[in-house]
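Here is how the chains run, residue by residue.
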Amino acid sequence: APIDPKTDIDFHALTMLPDGRAVFATHRGNDEYTIESWNGQTRTPMMPPQFAAAMAYSSGHLLFIRNEPNPGLWAIPVGTGSLNPASAFLVEPTARWVSASTDGTLLIASASEKPPVELALFDRAGKVTKAIGSPAPFIAEPSFSPDGKQIVVMRGTGLESVEVWLHDVATGRP
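Owing to the predicted nature of the structure, the values given are computational and were not obtained by experimental measurement.

Student: Honestly, the nonpolar core in this entry has me stumped. Any pointers?
Tutor: In a soluble, globular protein the nonpolar side chains are often hidden away together inside. By size, the foremost hydrophobic cluster in this structure holds 16 residues, and its most contacted members are Val-23, Ile-35, Met-55, Leu-62, Phe-64 and Ile-76. Beyond its immediate stretch of four places on either side in the chain, Met-55 contacts Ala-13, Leu-14, Thr-15, Val-23, Phe-24, Ala-25, Ile-35, Leu-62, Leu-63, Phe-64 and Val-98.

Written out as C-alpha cells, the structure is:
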C-alpha cells in the first residue's frame, strides 16, 4: 500500500487475514492511527481512529493492542467489510504485543505499568499455559515460526540495548 504523503506518516502492526487482505495501522498526523485493510489495489478503513501497536489474526478475530482508552489486547470478529467496534472485547488488559499460532495459541508479551515485561502462551480460554523465557525490561514483537515450534522476539534493557532471541515453544527456553 503506498503512503499518501499528504496524510500518512508510516504504517504499523501488519498482519494478514485469511481472505488475502493485509491489515495495518496507518499513522496519520496528530498522532491518529486508522486501522485499514488493503487488497493489493485499494486501502479501506476498517475501524475509527485508534492506536494499534500490534495485530494478529486468530480464530475469526482480529487481535489488536490498544493504548488509552481501555488499554490491552482486544479482539473483534472479522467479516468481509468494515469491523464493528461495538463487537470488540478485551482479552488481556496487560498485553503489550501479540502473535497467534495456526492452532489459535496466543503469544502475549504483557506488563503492568512498568517493566519487567513477561512473555507467555495463552490457550483459547485465555489461560496462561507456559511462560516463555524470563521477564525482561524490554520485550517486543514476538512471533511464532511457521511450524509453531519456535518463537522469535526482541529482548533487552531498552531500545538502546536490544537483541533478537529464539525460544523453543516446548521448553520455553532460548
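Student: Is there a simple way to think about the sheet that holds strand E3 (residues 32-38) in this case?
Tutor: As a general point, the strands of a sheet are linked pairwise by backbone hydrogen bonds and lie either parallel or antiparallel. Pairing is antiparallel across the open sheet formed by four strands, whose spatial order is E1-E2-E3-E4. The sheet terminates laterally at strand E1 (8-16) and strand E4 (43-45), the two strands that pair on one side only. In this sheet, adjacent strand axes meet at a mean angle of 35° when their direction is disregarded. Relative to E4, E3 runs antiparallel, the two being bridged by three bridges. Paired with Glu-36 across the bridge in E4 is Pro-45.

Student: What's the story with the pattern of salt bridges in this structure? I'm lost.
Tutor: A side chain with one charge may pair with a side chain of the opposite charge, provided their charged atoms come close. A full pass over the atoms with the stated rule returns three salt bridges. We note a salt bridge from Asp-8 to Arg-43, for which the minimum N-O separation is 2.8 Å. Pair noted here: Asp-8 is in strand E1 and Arg-43 is in strand E4, with a separation of 35 residues, a long-range link. Residue class for Asp-8 comes out buried when judged on its relative accessible area of 7%. Each of the salt bridges in this network shares a partner with another, and the network as a whole consists of Asp-8, Glu-36 and Arg-43.

Thresholds applied
- Counting starts from 1 at the beginning of each chain's written sequence and moves along it residue by residue.
- With pLDDT at 70 or above as the cut-off, local features in this predicted model cover only qualifying residues; side-chain atom pairs require 80 or more to be listed or tallied, and sums for whole chains, interfaces and linings still use all residues.
- Only heavy atoms go into the side-chain values, all of them from the structure, while hydrogens and water stay out.
- What we call a nonpolar core is a set of buried Ala, Val, Leu, Ile, Met, Phe, Trp, Tyr and Cys residues that are connected through their side-chain atoms within 4.5 Å.
- Remark: exposure states derive from per-residue accessible area (1.4 Å probe, protein chains only) relative to the maximum for the residue type, with buried under 20%, exposed over 50%, and partly exposed in between.
- Here, two residues are considered to be in contact whenever any of their heavy atoms come within 4.5 Å of each other.
- A pair of strands is labelled paired if DSSP reports no fewer than 2 bridges between them.
- We count a stretch as a helix when DSSP gives it H or I for four or more residues in a row; a strand needs E for two or more, and each element gets its number in order from the N terminus.
- Under this scheme, a helix contributes an axis fitted over its contacting stretch, all axes are lines through C-alpha atoms, and angles between N-to-C directions fall in the 0 to 180 degree range.
- The salt bridge definition used is simple: a Lys or Arg side-chain nitrogen within 4 Å of an Asp or Glu carboxyl oxygen.

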